[in-house]
Amino acid sequence: MRNVNWLGLAFLSPALVMVTLFFLLPVVLTGFFAFTNMSTATGVTGGEYLLNSASLRRLQNEGLPQEVLAKLEAGGYRVDAAGLAALAEATTPATAQELEQLHGAAEFSDRRDMERALKDLLDNRIRRTRDRKEAAELFKRSILNERFATEAAFRAALSETGTRTAYAEQITTAAYTGWVWTTKNVELLFALPSTLRYAANTTLYVTLTLAFNVGFGLFLAITTFYLPKGQGAAFRAIWFLPRILPPVLYVLMWRWFTWDTGFLATVTGYFGISPKNWMLDTSYHAWTVVVLINGFVGASMGMIIFSSAIRAIPTSMLHASEVDGASRWQQVRWIILPQLAWPILFITCYQTLSLLTSFEYILLATDGGPGRATEVWSLAAYHTALNNYGGNLEYGLGAAFALVLVVIGIAASLIYFRLFNFKRLITKPLIEG
Amino acid sequence: MSNLRAVFATTALVACGTAALAEDITINVWAGGSNDADSYRWEAIELAADLLEREYAILGEELNITVEAKRDFGGWDEFKQAVTLAAEAGTAPAIVVTSHLDIAPWSQAGYIVPVEDYLDLDAWPLNDIYPNLLEIASYDGIQWGLPQDAESRPFFFWKDAMKGIGYSDADIDALPAKVAAGEYTLQDVLADAQKAVDMGLVEEGYGFYPRVSNGPDYAQFYQSFGGQLQDPETGKLVLDKAAMEEMYQFFVDAVEAGVTRKNHIGTDWSQWYSEVANGKAALWHGGTWHYARYTGKEGNDDFFGTIQFSLIPAGNDKGRANTITQPLVYLLTDQQDDMVEDVAAQLVKIASEPRLNSLHAIKSAHLGISRQQSNVELYSGDRWADEATERLLGTANAQPNHLQYGVFAETMWKGLEAAWTGVQTPAEAVAAVEAELTAKLGDELIVR
């Protein structure tokens, strides 16, 4: 027995690896990113320690005393004994001597002035730009705008500026450039007025599209079932096109269809209706188009599943009902539909979850417009995490958006299982038992 | 055996020796948002590499630089993702040509290194670059990059349409000065656009034909109504509610008057270019680089005879006529090998020399970056470069290099979109923008 189990596991292992890599890991990572302030500016792999005007501003907002701030800002470049000694070692003692004569004890607020001072050297000229820059660094006495790879190095440099240790912790925290753990993303989700709107949009989108998917899929499956075999197959093939077309092409055709110079506008133009964009004119137009675009794709899938399920119904039952004088509608209502419960459950579960997270057709069609009217939750997650005009992508906040979907997805699955009495559906058939 | 060992040792020694003499360096250049006309963004680096190799050769060092350029990215988003992911993986291209807005986040993340670590800013050609452009390529007092080109975003008038509504040639010639003086405002834009539509000179929705997607252009209209993007004192971003609302209102008015299409946002760029270049729109706004597109691909052979250009007009008394320049910049990324950073820095310096930069400026209809370019005949002989530099570049300002500016710009745009398409009123949209920005930016935002 044991051997068989191992064998089974061995056969499963490729699938397990895939599931872990492509399903489990992204979920875990989403949960992990959602509680960080990760963005382009913090990077993904970790940070360094850097005091610049942005971090000083943050410290000021946090109430760091003015004199401490002043001390951090001060410093700049100073031609002092330590610097001169270092210069003597790096170049020649004569160079250091000449600089001391020219600019001994001088202070410069920025690097360019220090470099200019080094250019004043005549007898011991430092000719190469790189060498001059390295020499200038020897006189740097401020920790502003300098990156420290480790916390220890930063703290050491900080104590050299004479900053009281009481503030060291706060300053070090503000200077860290990498990401940190935070619950701010989740708080933001509750605080932002826009999230409520995205949630409402998503509910509307999923409900309408799902109803369309299942309803239209059923309609197609049943109607094509009653057609002669060849015709039914042809119809099904046609209705399957939206699914096999590349999304970009499929949506492009919708755009040609609805654009103000497109098919619909041209045809309605013959009836005296002034041309308008049937996709983006109002939010009602946008919603109709979004539901139809997604609906046709989803319906084709439902159609295939339902069709094959209908075919699995023993034809003898249908023949018998005809002998009893049942109409087509009675056949559908009392024979076909009851036997489709399981496929309907499957399609409903599957489509809810996939609709919750699918946004590619909306992105291509309306991009959430007009004015965020069709911006659904997953699209907002995408826009936040991967689309930013100024280049600072908010991975953390985007992941928090996505995490909500994960939670809702799991909860919805559980509810569906309960609703359709999943347990009963997967019990062993009594006849074979 | 010992002989063999000797042979090995000699070979190894020779190999080391050659390696020390001849240095092979590959410099990757990635250019975002570039099309065929922008080829000198990387070709200038190739030319610079040739010059630098020769300089090294004269000094007796053999340096072989291979420049590998990449320009085909899906769009700005894909380009920025590609760069940041490569930087995280430690395989970032040595030179990146990108928007100056990337400097703030990328420097904070440690992806880029300052050019001032390698280059003497007091030496030619860098000391000849316009100071306001250099300033735009710096952040926090550090020179992170060098401006690669300059541009500006003018307001355009189709001359035939203007004549059709009663402007004389002299009136049209005087327009740029009137705009600059604040005598011709955005209210006049609406009035003229309305006339053009009413008189049937252009179709409905084509009186005023703005940009079709988010961009710095819309910050210009915010400035037209007195809005300020960044507080110069504190460096914080500023939301001027009154200015924002008036700016939104302007676009709403344009839609209600029928001079701008309600669903204009998202119009296909190719369609847009072809329409404005050939007189389908009466008034519109764009960029200096549009000159190349209008006169090239779109086939407008008489640009100056058909189109007038000016600053973006003021919106009210508080605002001013303005234009935003958004130069692309050369940035150096953090590399394992310091030598690569050094060579890359030398290359962008050489590529910034007036003659090399003029190749790009004229081919792509951008503006020059340095004063000496007016002594390069190719540049000074070009009417567009000459007039646009004089009329626009002097008053141009840029969007702030600030970590959170992206959030600000996105939110401002979303608000405008909501008001424009009638989903919210301007006041509601501004309230939503305020709530969103206050929550996201916190102390980094000043609300007025």
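Residues numbered from 1 in each chain as written. Chains lettered and ligands numbered in written order. Predicted model: local features only at pLDDT ≥ 70, side-chain atom pairs only at ≥ 80, totals over all residues.

Asks: Describe the overall build of chain A, listing the residues and the values that go with them.
Replies: Each helix and strand counted, chain A has 22 helices and four strands in total. On C-alpha atoms alone, chain A measures out to a radius of gyration of 34 Å, which is more than a quarter above the 22 Å that the 2.2 N^0.38 rule sets for 433 residues. Once the C-alpha set of chain A is aligned to its principal axes, its extents read approximately 115 × 75 × 40 Å. For chain A, with 433 residues in total, the buried portion stands at 32%. Looking at chain A alone, contacts between residues at least 24 apart form 70% of all its contacts between residues at least 6 apart. (Helix = DSSP H or I, 4+ residues; strand = E, 2+ residues; numbered from the N terminus. Rg over C-alpha atoms; globule rule 2.2 N^0.38 Å. Buried ≥ 20, exposed ≤ 12 C-beta atoms within 10 Å, placed from the backbone. Contact = placed C-beta atoms within 7 Å.)

Asks: An account of the overall build of chain B is needed here, citing residue identities and associated values.
Replies: A tally of regular secondary structure across chain B gives 19 helices and 14 strands. Expected size for 448 residues packed as a compact globule is a radius of gyration near 22 Å; at 25 Å, chain B falls within 12% of this value. The C-alpha extent of chain B, read off along each of the three principal axes, is 95 × 50 × 35 Å. Counting only residues that meet the buried cut, chain B has 54% of its 448 residues in that class. When contacts within chain B are restricted to residue pairs at least 6 apart in sequence, those whose partners lie at least 24 apart make up 75%.

Asks: Lay out the nonpolar core with the relevant residues and their values.
Replies: Residues and elements named next belong to chain B. Judged by nonpolar contacts, the single largest core of 141 residues is most densely connected at Ile27, Ile45, Ile95 and Leu347. Among the elements that make up this core, the one with the highest residue count is helix H18 (residues 405-420) (nine residues). Split by domain, this core shows at least three residues from each of two domains, domain 1 (2-147 + 327-395) and domain 2 (155-324 + 401-447). Residue contacts for Ile45: discarding those within four places in its chain leaves Ile27, Val29, Val67, Ile95, Leu347 and Ala351. (Core = buried A, V, L, I, M, F, W, Y, C linked by C-beta atoms within 7 Å. Domains from an automatic or database assignment.)

Asks: Provide a residue-level description of the domain arrangement of chain B, including the pertinent values.
Replies: Residue and element names in this part refer to chain B. We note that the domain assignment places domain 1 (2-147 + 327-395) and domain 2 (155-324 + 401-447) within chain B. Computed from C-alpha atoms alone, the centre-to-centre distance between domain 1 and domain 2 is 33 Å. Contact with domain 1, which involves 18 residues of that partner, is made by 14 residues of domain 2. Going through the elements one at a time, helix H4 (103-109) and helix H17 (383-392) are the ones with two or more residues in the side of domain 1 that touches domain 2.

Asks: Can you explain the packing of H18(B) against helix H19 (residues 426-441) of chain B? Please cite residues and give values.
Replies: Residues and elements named next belong to chain B. Where H18 meets H19, the axes come as close as 9 Å, and the angle between the chain directions of the two elements is 160 degrees. What the angle tells us is that H18 and H19 run roughly antiparallel. At the point where H18 passes H19, the crossing takes the right-handed sense. For the pair H18 and H19, the contacting residues are Val407, Phe408, Thr411, Met412, Gly415, Ala418 and Ala419 in the first and Pro426, Ala429, Val430, Ala432, Val433, Glu436, Leu437, Lys440 and Leu441 in the second. Class assignment of the residues belonging to the contact of H18 with H19 gives a composition of twelve nonpolar, two polar and two charged. (Axes fitted to C-alpha atoms, helices over the stretch in contact; angles between N-to-C directions. Parallel < 35°, antiparallel > 145°, perpendicular 65-115°, else oblique. Left-handed = near helix turned anticlockwise from the far one by under 90°. Nonpolar A, V, L, I, M, F, W, Y, C, P; charged D, E, K, R; others polar.)

Asks: Any details on the interface of chain A and chain B? Residues and values, ideally.
Replies: In this complex, chain A contributes 43 residues to the contact, which on the side of chain B involves 46 residues. At the level of elements, helix H2 (53-61), helix H6 (111-119), helix H7 (129-137), helix H10 (184-191) and helix H11 (193-226) of chain A are the ones that each hand at least two residues to the side of chain A that touches chain B. Residue classes in the side of chain A that touches chain B are distributed as twelve nonpolar, 20 polar and eleven charged.

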